[in-house]
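Chain by chain, the residues:
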Number of protein chains: 2
Amino acid sequence: MSDAFQPKVLALAGGVGGAKLCVGLSKVLGADELQIVVNTGDDFWHLGLAISPDVDSVLYALAGLNDAERGWGRAGETWNFMAALEKLGAPTWFKLGDLDLATHVWRTERLLQADTLSDVTAELARRLGVARRVAPMSDDAAATMVDTDEGRLTFQDYFVARQCRPRLLRLHFEEASIAEPANALVEALHSPELQAIVLCPSNPFVSIAPILALAGVRSVLEQRRAPLVAVSPIVGGQAIKGPAAKMMAELGAEVSPLGIVRHYGTLLDGLVIDTQDARLQRDIEATGCKVQVCDTIMRNEADKTALAQATLDFAATLRPRR
Amino acid sequence: MSDAFQPKVLALAGGVGGAKLCVGLSKVLGADELQIVVNTGDDFWHLGLAISPDVDSVLYALAGLNDAERGWGRAGETWNFMAALEKLGAPTWFKLGDLDLATHVWRTERLLQADTLSDVTAELARRLGVARRVAPMSDDAAATMVDTDEGRLTFQDYFVARQCRPRLLRLHFEEASIAEPANALVEALHSPELQAIVLCPSNPFVSIAPILALAGVRSVLEQRRAPLVAVSPIVGGQAIKGPAAKMMAELGAEVSPLGIVRHYGTLLDGLVIDTQDARLQRDIEATGCKVQVCDTIMRNEADKTALAQATLDFAATLRPRR
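The structure presented is a predicted model; accordingly, all values stated were derived computationally and were not measured.

(A) How the structure looks around the overall build of chain A. Looking only at helices and strands, chain A features 14 helices and 14 strands. Taken over the C-alpha trace, chain A has a radius of gyration of 19 Å; the compact-globule value for 322 residues is 20 Å, and the two agree within 12%. The C-alpha extent of chain A, read off along each of the three principal axes, is 60 × 50 × 40 Å. Here the contacts in chain A between residues at least 6 apart in sequence split such that 68% fall between residues at least 24 apart.

Put into structure tokens, the structure is as follows:
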């Protein structure tokens, strides 16, 4: 481990919201200061292709290739492959754009050559021009499973094919719980330089939870020497994007930053909440978690940078409360 | 074999020229009368995808999806995947259009599920709306290898990447020689209804030769009860399309229908030659091979149908000369 990467900041991220904060963090931190680790609980094989939706969301955002308007996939995307696939009567519930497909085909070939997802992701980042350390949470399979009122579903079946319509009963991370965390995650968690662990404003239940479920990760976090700070993905009683609020309600949690704090429990040293939720500051702090109130809605690059800076400044004031 | 398909005509085909005559044959024969068997010596795995260039050329032509102007691939094709792949620094010497890619992805997934190429091809034909029996020559690997003055090359490396520029020394069909012919080919060769075996105007050296090289095929053909007739791919000293003439010259053969007859030898009972080559009729017939002279250049659908009809009418006058 003598040549281990020793970042100052470890960011755990899922999809779009996480990707946005990662862009901000990459503006305010040097390449040698930041390790981004991305959820792979959504990963699946589809049409013979290895799909890593959250890894790609983060990479595309960092490369400036993401479609900001649609919120996922690549800007300038076309769908001719998909149209041809549909005419073949193949499943089209998971949209694969022509540009995006290059990523999947390239990655699949590399994985079939027995390269690790970590190596493939690092190389993909390099080829996309991303000068940041981005790693999958694990090189092992760690598929999230979803119990619903329509039975047990794979994550993508629940999330994309059925668009989260079934009522969520429980999430399962059995695979993650026996998956080894990726080297980059282990190195970052043990970095002597580590000053903050940031939970990006990603869905706590399906984007961050799989990372925390990885073998040994929670116990290392419980012993953390750097503060752990989250940015609330819930603002004004709603998720900025995606089904986090619906899932939260179905899981019986309060759809507010307070619900987020209760979800993470004593792992959380600080929570960044939006000014819309400022009134909750006292109740949250009563749980022992510090609060930073600021604008958290990232509409543009300046917003991302400002939120990243505010989050790191806030973290610098915190100590792990273990 | 009691439910074996019992065609009246077996057509052996390779790429574009073969595909054109297959379209003609499909116009003049019923679905229960024609078996098309396609070269797979060109097949290869590329970027983790199973590519069957000649099978696709035939299927696209029969489905009316082929790009007649470019001569290969699909009409209305786009190249956005390719552009994204190029930006990833992945190899782009083999052009994969966005529409075409749907075929490759679909086929690859099925092959990885251990379906045979025969089953996958039949299902693909059905999904593309092709109501004709189209089969690969074999379900086994049967890659053609090419000895050139630049060393031994895989077929696609020679044919596409180097565009046949190296001087051809010898073709190798070692894999084909130990590959089992596909069931459809065996059934057609033994069909009690068989009235003609047609070698389409495909490249004799790289499209037809691999089929003839398959384990046991040549000896069955030597015992044929139905006449074997070829349509010359060489007209006026040139190949209608592709490198057949260059290859023929490099292999030391006369670039004319006479060279074709000498190449096939006693396998050939009759050869259809173009009116441009009518003067060769006597020399060809002197070898023991009958000749039909007609227009063989297929510019439109009527040309394809007329050539197919002329070929079958000619075959009906022939007997196997074994």
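(B) Representation of the interface of chain B and chain A in the model. At the junction of the two partners, chain B supplies 21 residues and chain A supplies 21 residues. Listing elements by their share of the side of chain B that touches chain A, those giving two or more residues are helix H3 (80-87) and helix H4 (98-112) of chain B. With nine residues, the top contributor of residues to the side of chain B that touches chain A is H4(B). Per-class residue counts for the side of chain B that touches chain A are 13 nonpolar, five polar and three charged.

(C) View of the environment of His46(B). Residues and elements named next belong to chain B. The topology assignment puts histidine 46 in strand S3 (residues 44-46). Taking the C-alpha atoms as reference points, histidine 46 and phenylalanine 94, 48 residues apart in sequence, are found 8.4 Å from one another. Those residues within four positions of histidine 46 in sequence are excluded, and the remaining contacts are Ile51 and Phe94.

(D) Representation of helix H1 (residues 16-28) of chain B. All names here are of chain B. With 13 residues, H1 extends 19 Å between its outermost C-alpha atoms, agreeing within 8% with the 18 Å of an ideal straight helix rising 1.5 Å per residue. If you check which residues of H1 are buried, you get Val16, Gly17, Gly18, Ala19, Lys20, Leu21, Cys22, Val23, Gly24, Leu25 and Ser26. Buried residues belonging to H1 abut strand S1 (9-13), strand S2 (34-38), helix H2 (53-63), helix H9 (204-213), strand S10 (228-231) and helix H14 (301-315).

(E) Expanded view of the relation of the copies chain B and chain A. Overlaying chain B on chain A yields an RMSD of 0.0 Å, the required transformation being a rotation through 180° with an accompanying axial translation of 0.0 Å. The superposition operator between the copies reduces to a two-fold rotation axis. Residues of chain B ranked by C-alpha distance from the rotation axis are headed by Asp98(B), positioned 3.1 Å from it. Of all interface residues in chain B, 100% are interface residues in chain A too; the two copies therefore contact each other through one and the same surface.

(F) Looking closely at the sheet that holds S2(B). All names here are of chain B. If you trace the seven strands from one edge of the open sheet to the other, you get S5-S2-S1-S9-S10-S13-S14, paired in parallel fashion. Pairing within the sheet leaves two strands with one partner each, and these edge strands are strand S5 (133-136) and strand S14 (290-294). Strand-to-strand twist across the sheet, computed as the mean angle between neighbouring axes with direction ignored, equals 20°. Relative to S10, strand S9 (residues 196-199) runs parallel, the two being bridged by three bridges. Across the sheet, the residue bridging to leucine 199 is alanine 230, located in S10. Its contacts with the sheet place H1 against S1, S2 and S10, and it is angled at close to 160° to S1.

(G) Representation of the sheet that holds strand S6 (residues 145-148) of chain A within the structure. Residues and elements named next belong to chain A. Strand order in this open sheet of three strands is S7-S6-S8, and the pairing throughout is antiparallel. If you trace the sheet from one side to the other, it starts and ends with strand S7 (151-154) and strand S8 (168-172), each paired once. Averaged over all pairs of adjacent strands, the angle between their axes in this sheet comes to 25°, without regard to strand direction.

(H) Main features of H2(B). Residues and elements named next belong to chain B. Most of H2 sits inside the fold, with 10 of its 11 residues counted as buried. Along H2, the positions that sit buried rather than exposed are Pro53, Asp54, Val55, Asp56, Ser57, Val58, Leu59, Tyr60, Ala61 and Leu62. Count one or two residues on from H2 and you reach glycine 64, which has phi positive near 70°.

(I) Here's a closer look at the environment of Glu77(B). Residues and elements named next belong to chain B. Mapped onto the elements of the fold, glutamate 77 is located in the loop between H2 and H3. The sequence separation of glutamate 77 and leucine 99 amounts to 22 residues, and the corresponding C-alpha distance is 6.0 Å. Beyond its immediate chain neighbours, meaning those up to four positions away, glutamate 77 contacts Asp67, Gly97, Asp98, Leu99 and Asp100.

(J) Structural view of the packing of helix H1 (residues 16-28) of chain A against helix H2 (residues 53-63) of chain A. All names here are of chain A. Between H1 and H2, whose axes approach to 8 Å, the crossing angle comes to 40°. When the interaxial angle is binned, H1 and H2 end up oblique. Here H1 runs over H2; the crossing is right-handed. On the side of H1, the interface is formed by Val16, Gly18, Ala19, Lys20, Cys22, Val23 and Ser26, while H2 contributes Ser57, Val58, Ala61 and Leu62. Partitioned by chemical class, the residues of the contact of H1 with H2 number seven nonpolar, three polar and one charged.

(K) The pairing of strand S7 (residues 151-154) of chain B, seen in detail. Residues and elements named next belong to chain B. Of the strand pairs in this sheet, strand S6 (residues 145-148) and S7 are connected by four bridges, and their pairing is antiparallel. What sits directly across from threonine 148, in S7, is glycine 151. Hairpin remark: S6 followed by S7, antiparallel, with two residues in the connecting loop.

(L) Up close: the packing of helix H3 (residues 80-87) of chain A against H4(B). Contact geometry of H3(A) with H4(B) gives a least axis separation of 7 Å together with a crossing angle of 50°. Looking at the two axes, H3(A) sits oblique to H4(B). With respect to the hand of their crossing, H3(A) and H4(B) are arranged in right-handed fashion. Two secondary-structure elements touch here, H3(A) through Asn80(A), Phe81(A), Ala84(A) and Leu85(A) and H4(B) through Asp98(B), Leu99(B), Leu101(B), Ala102(B) and Trp106(B). Along the lines of polarity and charge, the residues of the contact of H3(A) with H4(B) split into seven nonpolar, one polar and one charged.

(M) Here's a closer look at the pairing of S2(B). Residues and elements named next belong to chain B. Taking burial as the measure, the five residues of S2 include five buried ones, the bulk of the element. Both faces of S2 are covered, namely the face carrying Leu34, Ile36 and Val38 and the face carrying Gln35 and Val37. Bridge analysis of S1 against S2 gives five bridges, and the strand direction is parallel. Residue alanine 13 lies in a different strand from S2, and its bridge partner there is valine 38. Two elements, S2 and S5, share four bridges in a ladder whose sense is parallel.

(N) The arrangement of unusual backbone geometry in detail. Residues other than glycine seldom take positive phi values, yet Gln163(A) does so here, at roughly 50°. You can see Gln163(A) is positioned in the loop between helix H6 (155-161) and S8.

(O) Representation of the environment of Ser52(A) in the model. Residues and elements named next belong to chain A. Among the structural elements, serine 52 can be located in the loop between strand S4 (49-51) and H2. In this structure, the C-alpha to C-alpha distance between serine 52 and alanine 310, residues 258 residues apart in sequence, is 30 Å. Other than its neighbours up to four places away in sequence, serine 52 contacts Thr40, Asp43, Arg107 and Pro136.

(P) Summary view of the confidence of the model for chain A. Of all residues in chain A, 99% have pLDDT values of 70 or greater, and the mean over the chain is 96. In the predicted assembly, ipTM is 0.92 and pTM is 0.93.

Calculation criteria
Residues numbered from 1 in each chain as written. Chains lettered and ligands numbered in written order. Predicted model: local features only at pLDDT ≥ 70, side-chain atom pairs only at ≥ 80, totals over all residues. Helix = DSSP H or I, 4+ residues; strand = E, 2+ residues; numbered from the N terminus. Rg over C-alpha atoms; globule rule 2.2 N^0.38 Å. Contact = placed C-beta atoms within 7 Å. Nonpolar A, V, L, I, M, F, W, Y, C, P; charged D, E, K, R; others polar. Expected span 1.5 Å × (residues − 1). Buried ≥ 20, exposed ≤ 12 C-beta atoms within 10 Å, placed from the backbone. Least-squares fit on C-alpha atoms with pLDDT ≥ 70 in both. Pairing = 2+ DSSP bridges. Axes fitted to C-alpha atoms, helices over the stretch in contact; angles between N-to-C directions. Parallel < 35°, antiparallel > 145°, perpendicular 65-115°, else oblique. Left-handed = near helix turned anticlockwise from the far one by under 90°. pLDDT = per-residue confidence, 0-100.

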